[in-house]
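# Structural features, examined
Each chain is listed here by its residues.
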Amino acid sequence: MVAPAFAESADTAKFNQLMDRQIAALTDLCSALEPVTDKASAEAALPQVQAAIDEMKAVEEESKALGQPSDEEKQAIAAKLAQAFQTEVIDKGFAKMKVLMADMEPKCYGCKALEEALSYLVSVGEAPQA
């Protein structure tokens, strides 16, 4: 029996699972921000935003426990992220985050809790990675 040309290692599979979770959380976050147009809608979005950010933080911790990915895994992760960032939901979500956090005063329509939650993403460069 011949081994496949590329067999996914356990670590590669885990990095892929973490990336899938990270992208799903980012998509959820961006979807939650879409309807935010005033302080009341900002406050209403907060539970979904916080849940997505909590998931991103959990993925980050699990990623740290795995250690550094190989160069091959890093390339695969970068490609997967690049593809995710081309989706309309994430593209619009990042544009919305920019408006909420940089282009308006007060930030987030004055919803301090949303501003604090989103500041996590700003602190990691708006592109959390596994």
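Up top is the structure.
Nothing here was measured: the structure is a model prediction, and the numbers come from that model.

### With respect to the overall build of the chain
Looking only at helices and strands, the chain has five helices and zero strands in total. Helices and strands appear in the chain in the N-to-C order α-α-α-α-α. The 130 residues of the chain split such that 35% are buried. Only carbon and sulfur atoms are counted for the fraction: they give 55% of the accessible area of the chain, which is about 7,400 Å².

### Quick look at the side chain of S41
Here S41 is to be found in helix α2 (residues 39-66). Using a relative accessible area of 17% as the deciding quantity, one classes S41 as buried. Sequence-distant contacts of S41, that is, excluding residues within four places in its chain, are made with P35 and V36.

### Description of α2
With 28 residues, α2 extends 40 Å from end C-alpha to end C-alpha; this agrees with the ideal 40 Å at 1.5 Å per step. When the local axis directions of α2 are compared, the greatest deviation, roughly 40°, occurs at L46, which is followed within four positions by the proline P47. The opening residue of α2, the one whose side-chain oxygen lies 3.3 Å from the backbone nitrogen of A40, is D38. Once α2 ends, the next one or two residues include G67, with phi positive near 90°.

### Considering the nonpolar core
Of all hydrophobic cores here, the largest spans 32 residues; its most connected members are L29, L33, V49, M97, L100, L114 and L118. Counting only elements with at least two residues in this core, the list comes to α1 (10-33), α2, α3 (71-84), α4 (88-103) and α5 (112-123). Take this core: its biggest share by element is nine residues, from α1.

### Examining α5
Every α-helix winds through 3.6 residues per turn, so residues three or four apart in the chain are directed the same way. The end-to-end C-alpha separation of α5 is 16 Å, in line with the 16 Å expected for 12 residues at 1.5 Å each. For α5, the full list of buried residues reads L114, E115, A117, L118, Y120 and L121.

### Quick look at the pattern of salt bridges
Using the criterion set out here, one finds nine salt bridges in the structure. Between E62 and K14 there is a salt bridge whose closest N-O contact spans 3.5 Å. Taken together, the residues E62 in helix α2 and K14 in helix α1 connect sequence positions 48 residues apart. For K14, a relative accessible area of 29% puts it in the partly exposed group. R21 is the partner of E55 in a salt bridge, and the nearest nitrogen-oxygen pair spans 2.7 Å.

### A word on unusual backbone geometry
Cis rather than trans, the peptide bond between E105 and P106 has omega equal to 5°. Note that P106 resides in the loop between α4 and α5. The residue C108 is not glycine, and still its phi comes out positive at about 55°. Looking at the element boundaries, C108 is found in the loop between α4 and α5.

### Some details on the packing of aromatic side chains
How two aromatic rings sit relative to each other is given by the distance of their centres and the angle of their planes. Throughout the structure, instances matching the rule amount to one aromatic pair. Taking the ring centre of Y120 as reference, the NZ or CZ of K57 above it sits at 4.9 Å.

Cut-off values and rules
- Residues numbered from 1 in each chain as written.
- Predicted model: local features only at pLDDT ≥ 70, side-chain atom pairs only at ≥ 80, totals over all residues.
- Heavy atoms only, no water.
- Helix = DSSP H or I, 4+ residues; strand = E, 2+ residues; numbered from the N terminus.
- Buried < 20%, exposed > 50% of the residue type's maximum accessible area, 1.4 Å probe, protein only.
- Areas by Shrake-Rupley, 256 points an atom, 1.4 Å probe, with all protein chains shown as cover.
- Contact = heavy atoms within 4.5 Å.
- Expected span 1.5 Å × (residues − 1).
- Bend = angle between axes of the 7 residues up to and from the residue.
- Polar contact = N/O pair within 3.5 Å; in protein donor to acceptor, adjacent residues only side chain to side chain.
- Core = buried A, V, L, I, M, F, W, Y, C linked by side-chain atoms within 4.5 Å.
- Salt bridge = Lys/Arg side-chain N within 4 Å of Asp/Glu carboxyl O.
- Phe/Tyr/Trp six-rings, centres within 6.5 Å; stacked < 30°, edge-to-face > 60°.
- Lys NZ or Arg CZ within 6 Å of the ring centre and 35° of its normal.

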